[in-house]
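Residues per chain, in single letters:
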Amino acid sequence: MKKFSKTSLLTAVTGLTIGMVNGLLGAGGGMLAVPLLKKSGLDQKEAHSNAVAVILPISILSAALYLYKNYVGLTQALPYIPAGLLGAVAGTYLLKKISPLWLKRIFGLFMVYAGVRLLLK
Amino acid sequence: MNISALLAGLFSGILGSMGLGGGAVLVIYLSVFTDTGQLTSQGINLIFFIPIAAVSVIIYSYKKQIKWKYTLKIAAWGLAGAAVGLLLTDFLGGKITGKIFGLLLIFLGIKEIFRKSDKTVAKKEKTCYTKNE
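Just so it is clear, the model here is predicted, and its values are computed rather than measured.

Focus on the domain arrangement of chain B
Residue and element names in this part refer to chain B.
Part 1 of the reasoning: Considered domain by domain, chain B is made up of domain 1 (1-64) and domain 2 (67-133).
Part 2 of the reasoning: Interface of domain 1 and domain 2: buried area, both sides summed, is about 620 Å²; carbon and sulfur atoms make up 79% of it.
Part 3 of the reasoning: Applying the counting criterion to the domain 1 and domain 2 interface returns zero salt bridges.
Part 4 of the reasoning: Here domain 1 is connected to domain 2 by zero residue pairs in polar contact (both at pLDDT 80 or more).
Part 5 of the reasoning: Of the residues contributing to the side of domain 1 that touches domain 2, the split by class is five nonpolar, three polar and no charged.

This is the structure in structure tokens:
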């Protein structure tokens, strides 16, 4: 019973945190979901694929709320989707084949740079 | 549509399908390198991510890599979290939300830069499990 409660609590906290960050920032849910899913026992690759499944319904609700609030119009996102879909298909196949350590490190540098730019904006 | 927007979409799709921060790519591109406002950038990314994630989930599901029972439980809580997040966004406004996004980027970016290789982590985890047993 004790174990069940602990697991349920972990699930709730994980879900709430991912959802809140994704709703507040419109991004970042996936990056947060991967380490949290790993903590709950999934291996590295499982955590990545399952993170996307967790984020999908959260993003649908968040997007609907952003549209409702008029933060964004549906057509504004459309130009990016074809290239994004191509990337997504490539990504699902790459995930099993590569360990993108250096890609992550370079991306990390880029994130720090962009973060500083946003703080100074 | 220019080439940089095309590349932003492509990389966002690749990283997004891996759960590696694809959203960050598009939001960074829009909010830092174009004149798009912070909340609009976030909204564009959310809409953009839906078909990307749907395709990824279909492929992963076909490969039996999704643990539906578990992910749906987390997602249900996530929906409640998303509603709270939206209330916060509304309360804080685009400018402060942008700064929070910037801080998160710096934090996660530093974490990525100093990340150990997955093999090292896996080895360490294995040692921990063995000890716990």
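This is not the end of the story, as more comes after the structure.
Observations regarding the packing of helix α3 (residues 38-62) of chain B against helix α4 (residues 68-113) of chain B
All names here are of chain B.
Part 1 of the reasoning: Remark: α3 packs on α4, axes separated minimally by 12 Å, with the N-to-C direction vectors making an angle of 160 degrees. In this view, α3 runs roughly antiparallel relative to α4, as classed from their interaxial angle. Crossing geometry of α3 relative to α4 is assigned as right-handed. Residues Gln38, Leu39, Gln42, Val57 and Ser61 of α3 lie in contact with α4, whose contacting residues are Trp68, Thr89, Gly93, Gly94, Thr97, Gly98 and Phe101.
Part 2 of the reasoning: Residue composition of the contact of α3 with α4, by class: four nonpolar, eight polar and no charged.

With respect to the interface of chain B and chain A
Part 1 of the reasoning: Contact with chain B, which involves 92 residues of that partner, is made by 88 residues of chain A.
Part 2 of the reasoning: Note on chain B versus chain A: buried area summed over both sides is about 8000 Å², and carbon and sulfur give 77% of it.
Part 3 of the reasoning: Taken as a group, Met18(B), Leu46(B) and Ile47(B) account for 9% of the area that chain B buries against chain A, more than any other trio of residues on that side.
Part 4 of the reasoning: Across the contact surface, chain B and chain A share two salt bridges.
Part 5 of the reasoning: Among the salt bridges present, the one from Glu46(A) reaches Lys67(B), with a minimum N-O distance of 3.3 Å.
Part 6 of the reasoning: In this assembly, chain B and chain A are joined by 20 residue pairs in polar contact (both at pLDDT 80 or more).
Part 7 of the reasoning: Listing elements by their share of the side of chain B that touches chain A, those giving two or more residues are α1 (3-17), α2 (22-33), α3, α4 and α5 (118-132) of chain B.

Thresholds, definitions, all that
Residues numbered from 1 in each chain as written. Chains lettered and ligands numbered in written order. Predicted model: local features only at pLDDT ≥ 70, side-chain atom pairs only at ≥ 80, totals over all residues. Heavy atoms only, no water. Domains from an automatic or database assignment. Buried area = accessible area lost by both parts, 1.4 Å probe. Salt bridge = Lys/Arg side-chain N within 4 Å of Asp/Glu carboxyl O. Polar contact = N/O pair within 3.5 Å; in protein donor to acceptor, adjacent residues only side chain to side chain. Nonpolar A, V, L, I, M, F, W, Y, C, P; charged D, E, K, R; others polar. Axes fitted to C-alpha atoms, helices over the stretch in contact; angles between N-to-C directions. Helix = DSSP H or I, 4+ residues; strand = E, 2+ residues; numbered from the N terminus. Parallel < 35°, antiparallel > 145°, perpendicular 65-115°, else oblique. Left-handed = near helix turned anticlockwise from the far one by under 90°. Contact = heavy atoms within 4.5 Å.

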